Structure formats: structure tokens, C-alpha cells
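# Survey of secondary and tertiary structure
Chain residues, written in single-letter form:
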Amino acid sequence: MFLLQTTPLPSPAELLPAADHACGGIVAFEGRVRDHHQGRGVTALHYEAYEALALGEGQRILDEARARFVPVRVAAAHRHGTLAPGEAAVVVVAASAHRQEAFAACRWIIDEIKDRLPLWKREHYDDGSCAWVGCGCQGRGEAP
Amino acid sequence: MKVTVRYFATLRDAAGTASEEVEGDFRTAAALWSHLGERHVFPLGPDDLRVSVNASYAPFTTVLAEGDEIAFIPPVSGG
């Protein structure tokens, strides 16, 4: 299941409830908004999304993960709109019989999300200014 | 041919709009991008962008059809 929403994200346990007792290893990644960036104070973060493409691409990433890391159960959610520092921007959960597949799938999914999901981050700073981050022009050069 | 172009992030700022209908004689996504360059000054070039046709990633060489929704996708920064 892939979710894209403007409201607070579910917890990993809510996002991927235990369906049975086959999975002994569950790995979750939660990405939260930092209150600082390159020495500047961050007061808020705005994610712009191309919703139709993001929903399809998010689901494709999960489908590819299931084919690549067998057997594994996966789910992910990404938030868009305006977030405050400390809030979760992304949640990924992978569950498998053993820990290796769960760690590998979770890592692969968050890396694909960062590479492919059409969302753009605009940071608002404590001096009143704001900037797109990692969008290929100003501010380029640091990892998103 | 008439298509809808969606703009995001830095391209939306440069175009001054989130979407527009564009009519012209362009066959592919690459030709559409060149066409758009005549009306906007964009901060990114084809090497920086991916193409989406009807909400799926597609190559710049994709042949467009009447009514398609095209977006040129700047480097993403989700996660």
C-alpha cells in the first residue's frame, strides 16, 4: 500500500499491520523534518507533489520491491503540503521472515522514493526567506 | 495539436503558472520542450529533466497525442 496525503502519516505499525505470524523481521524507516539546514534554522518545510504521478510511481516502487526481495511485505507513505520540524515526511516499512530481506527492501524503497517520487521540497528559514532544495538550480549540490 | 503542460517547483516559478494548454506543431515531448522555450525562460535543460506523459514517466522521444498531459519533472527532493 502506498499513501500520499497532506495529513499526519500513520505509524509504521499502523501502515503495515501484522497480517500473520510469518514475518520475524520488521524494519521501518521514518524520515522527519529537520529544524536546520546548512547552518540555517528551518521553521517549516513545504512539499509540492505531482499527485497522479507520485501515486502511480509509489505503487510501482512497492511492486518492484516485492518482485526483487522475495518474500517481503512492504508499505510506504509520503506526506505533502506544509510540515513543521519533527513531523514525519515519509514512512517505509518492510517485513520478511528474516531480517536481511527486511533491511534490504526498506533501504531499497527509501532510495527509490528519493530518486523517483515527484515531490519537491521548499524550506522556510527563520530569517523569513525560503528556497527549493535539491531541485537542480539554486541550492544544488547537497544531497536531498 | 493541443496538450496540457503541468509545471512544478522551479519550472512552475519560471512559467508563472501551474499548468497551461499549449497548441502547436510538435510531435514529441522533446519538440514540445523546445516549443515551450520560445515562451518561457527555464532554469533547467533536458539533461536535468524527466518527462511524464499522462502521469507516467516516459522518454523525451515519446510521440504525443491530442489532449495528453505532459510534465517536465525537475530533479526531485522527496523523502
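First things first, this report covers the structure right here in the doc.

Thresholds applied
Residues numbered from 1 in each chain as written. Chains lettered and ligands numbered in written order. Predicted model: local features only at pLDDT ≥ 70, side-chain atom pairs only at ≥ 80, totals over all residues. Heavy atoms only, no water. Helix = DSSP H or I, 4+ residues; strand = E, 2+ residues; numbered from the N terminus. Rg over C-alpha atoms; globule rule 2.2 N^0.38 Å. Buried < 20%, exposed > 50% of the residue type's maximum accessible area, 1.4 Å probe, protein only. Arc of directions from axis to C-beta. Contact = heavy atoms within 4.5 Å. Salt bridge = Lys/Arg side-chain N within 4 Å of Asp/Glu carboxyl O. Axes fitted to C-alpha atoms, helices over the stretch in contact; angles between N-to-C directions. Parallel < 35°, antiparallel > 145°, perpendicular 65-115°, else oblique. Left-handed = near helix turned anticlockwise from the far one by under 90°. Nonpolar A, V, L, I, M, F, W, Y, C, P; charged D, E, K, R; others polar. Polar contact = N/O pair within 3.5 Å; in protein donor to acceptor, adjacent residues only side chain to side chain.

## Focus: the overall build of chain A
Across its full length, chain A holds 3 helices and 9 strands. If you list the helices and strands of chain A from N to C, you get β-α-β-β-β-α-β-β-β-α-β-β. Relative to the globule expectation of 15 Å for 144 residues, the C-alpha radius of gyration of chain A, 16 Å, shows essentially globular dimensions. Projected onto its principal axes, the C-alpha coordinates of chain A cover approximately 50 × 25 × 25 Å. Expressed as a percentage of the 144 residues in chain A, the buried residues total 48%.

## A look at helix α2 (residues 29–36) of chain B
Residue and element names in this part refer to chain B. Listing the buried residues of α2 in full gives A29, L32, W33, H35 and L36. Along the long axis of α2, the arc covered by the buried residues comes to 160 degrees, so they all point the same way. The secondary structure elements touched by the buried residues of α2 are β1 (2–6), α1 (9–15), β2 (19–23), β3 (50–53) and β5 (69–73).

## Describing the pattern of salt bridges
Residue and element names in this part refer to chain A. Using the criterion set out here, one finds 14 salt bridges over all chains in the structure. The partner of R116 in a salt bridge is E64, with the nearest N and O atoms 3.1 Å apart. Placement of R116 in helix α3 (residues 99–116) and of E64 in helix α2 (residues 51–68) is noted, with a sequence separation of 52 residues between them. Its relative accessible area of 10% is what places R116 among the buried residues. Here E64 falls in the partly exposed class, since its relative accessible area comes to 33%. Within the structure, one salt-bridge network assembled from shared partners comprises E57, R60, E64, E112 and R116.

## Some details on the packing of α2(A) against α3(A)
Residue and element names in this part refer to chain A. Where α2 contacts α3, the two axes come as close as 10 Å, and the packing angle between them is 150 degrees. In terms of axis orientation, α2 runs roughly antiparallel to α3. Pair α2 / α3 crosses with right-handed handedness. Across the interface between the two elements, E57, R60, I61, L62, E64, A65 and R68 from α2 touch W108, I109, E112, I113 and R116 from α3. When grouped by side-chain class, the residues that make up the contact of α2 with α3 number 6 nonpolar, no polar and 6 charged.

## Looking at the side chain of S77(B)
Tracing the backbone shows S77(B) in the segment after β5. Residue class for S77(B) comes out buried when judged on its relative accessible area of 0%. At a separation of 2.8 Å, a polar atom in the side chain of S77(B) contacts the main-chain amide nitrogen of K121(A).

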